[in-house]
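# Commentary on secondary and tertiary structure
Single-letter residue listing:
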Amino acid sequence: MDRGDLFVISAPSGAGKSTLCSMLVKELDNIAFSISHTTRSPRPGEINGKDYYFVSEQEFEQLVAEDAFLEWARVHGNFYGTHRAHVMEKLSQGTDVILDIDVQGAKQVKKRLPGAVTIFILPPSWQVLEERLTKRGSEDREKIKLRLQNAMKEMEEVTNYQYTVVNDVLEVAFGQLKAIVLAQRSKTRRVLASNVDIDALRPNPDSWFLV
Ligand code: ADP
Ligand code: 5GP
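The residue count restarts for each chain, going from 1 along the sequence in the order it is written. Chain A is the first chain written and ligand 1 is the first ligand written, with later ones labelled in order. Totals for whole chains, interfaces and linings use all residues, but because this is a predicted model, local features are given only for residues with pLDDT of at least 70 and pairs of side-chain atoms are given and counted only at 80 or more. Heavy atoms from the whole structure form the basis of all side-chain values; hydrogens and water molecules are not counted.

### Concerning the nonpolar core
The tendency in soluble globular proteins is for nonpolar side chains to be buried as a group. Core analysis: the largest hydrophobic core is formed by 25 residues, its most contacted members being I9, L20, L24, I119 and I121. A run of DSSP states H or I qualifies as a helix once it reaches four residues; a run of E qualifies as a strand once it reaches two. Both are numbered from the N-terminal end. Mapped onto this core, the elements with two or more residues apiece are β1 (6–10), α1 (17–27), β8 (117–122), α5 (126–136), α6 (141–155) and α7 (170–185). Residue contributions to this core peak at five residues, all from α7. Here I9 is in contact with K17, C21, I98, L99, D100, I101, I119, I121 and L177, once residues within four sequence places are set aside. Among the nonpolar cores identified, the runner-up in size contains 17 residues, and V8, V103, L113 and Y161 belong to it. Throughout this description, the term nonpolar core refers to a set of buried Ala, Val, Leu, Ile, Met, Phe, Trp, Tyr and Cys residues connected via side-chain atoms within 4.5 Å. Exposure classes here rest on a 1.4 Å probe applied to the protein chains alone. A residue is buried below 20% of its type maximum, exposed above 50%, and partly exposed in between. Contact criterion: two residues are considered in contact whenever any of their non-hydrogen atoms come within 4.5 Å of each other.

Given below as structure tokens:
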């Protein structure tokens, strides 16, 4: 069995990456969403251990001190980090892993794991981004303002990513994202390691064509 691949997905807040990531995990087998640790408060409906591990700043600092994170960053005033052991265990079991992380975290991951596949999700326009953030209703006006201010800087990083998906019509964007994952799974290294029965490819010794 070959190791899984790591998919790093970044986007400005509200572009739709959580929506797209959860569709991916629902639709494809053998792919896991990495549950980050964060010091931000849970939104209504978010579940500890499913959406995030919600921790105090003290607990977060402790994990940093233990070098438990593959990457971590301060984003929109809160701390977020990816637990290294959780990710490495899944990859070594042959499972693909998706990281939904910001641009600072993506840079750290690329340095440590250069084989990671990087994908940026763009909204179709600034106006749509504002509308999606407002309609989601999970942040107050001040927090939306901060997220939009950060969005401008984050979108400048798009050129550092290998793939870009514009999330206009959800089903179209999802199709593109899925195609990226399936293309990665079709890399010769992975196909040879998992699917190919070498014995079945050997010619039959009494094959009429070879005698
Ligand atoms: P992110 O995780 O990037 O912050 P979300 O996945 O929470 O963004 O999406 C922000 C809001 O936009 C949500 O209310 C979501 O349902 C909605 N949304 C996401 N993608 C689309 C789309 N293609 N068309 C319309 N609404 C969308
Ligand atoms: P939200 O608060 O909307 O869930 O996430 C805010 C931002 O934090 C998003 O850009 C998201 O990708 C990013 N984020 C979530 N988890 C992590 C993580 O573990 N590390 C980093 N660096 N960013 C994260």
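Moving on, there is more to tell.
### Observations regarding the sheet that holds strand β6 (residues 78–83)
The pairing criterion for strands is at least two bridges between them, as found by DSSP. The strand order β4-β3-β6-β5 describes an open sheet built from four strands, whose pairing is mixed. Of all strands in the sheet, those bounded by a partner on one side alone are β4 (53–54) and β5 (69–75). Two strands pair when backbone bridges link them, and strand β3 (residues 37–38) and β4 are joined in this way by two bridges, in the parallel orientation. Paired with H37 across the strands is Y53, a residue of β4.

### Here's the deal with the site of ligand 1
We call a residue near a molecule or strand whenever a single non-hydrogen atom of that residue lies within 4 Å of it. As a matter of local geometry, ligand 1 sits amid 13 residues, with G14, S18, T19, R136 and N167 nearest to it. With respect to ligand 1, the backbone of A15 contributes an N or O atom lying 3.4 Å from an oxygen atom. Pairs of N or O atoms within 3.5 Å make up the polar contacts considered here, provided that, within protein, one atom can donate a hydrogen while the other can accept it, and that residues adjacent in sequence are counted only when both atoms are side-chain atoms. R136 is positioned with one of its side-chain polar atoms (N or O) 2.8 Å from an oxygen atom of ligand 1. Values of accessible area rely on a 1.4 Å probe in the Shrake-Rupley scheme; residue burial ignores everything except the protein chains shown. Isolated, ligand 1 exposes 570 Å² of accessible area, and the fraction of that covered by the protein chains is 74%. Put simply, the parts of the chain that give the shell around ligand 1 at least two residues each are α1 and α5.

### Here we look at a nonpolar patch on the surface
For patch building, the residue pool is restricted to those with more than 30% relative accessible area and no salt bridge; the joining distance is 9 Å between like charges and 5 Å between nonpolar side chains (Val, Leu, Ile, Met, Phe, Trp, Tyr). One speaks of a salt bridge when a side-chain nitrogen belonging to Lys or Arg is within 4 Å of a carboxyl oxygen belonging to Asp or Glu. On the surface, a nonpolar cluster with roughly 480 Å² of combined accessible area is contributed by W208, F209 and L210. With respect to the helices, strands and loops of the structure, F209 is situated in the segment after α9 (198–201). By relative accessible area, which is 71% here, F209 ends up exposed.

### Let's talk about the side chain of E71
The residue E71 is located in strand β5 in this model. No salt bridge is formed by the buried E71; its nearest oppositely charged neighbour, R112, is found at 7.4 Å. There is a polar contact of 2.5 Å between the side chain of E71 and the side chain of T82. His is not counted, nor are the chain ends, whereas Lys and Arg count as positive and Asp and Glu as negative.

Read these as geometric descriptors, not functional statements.
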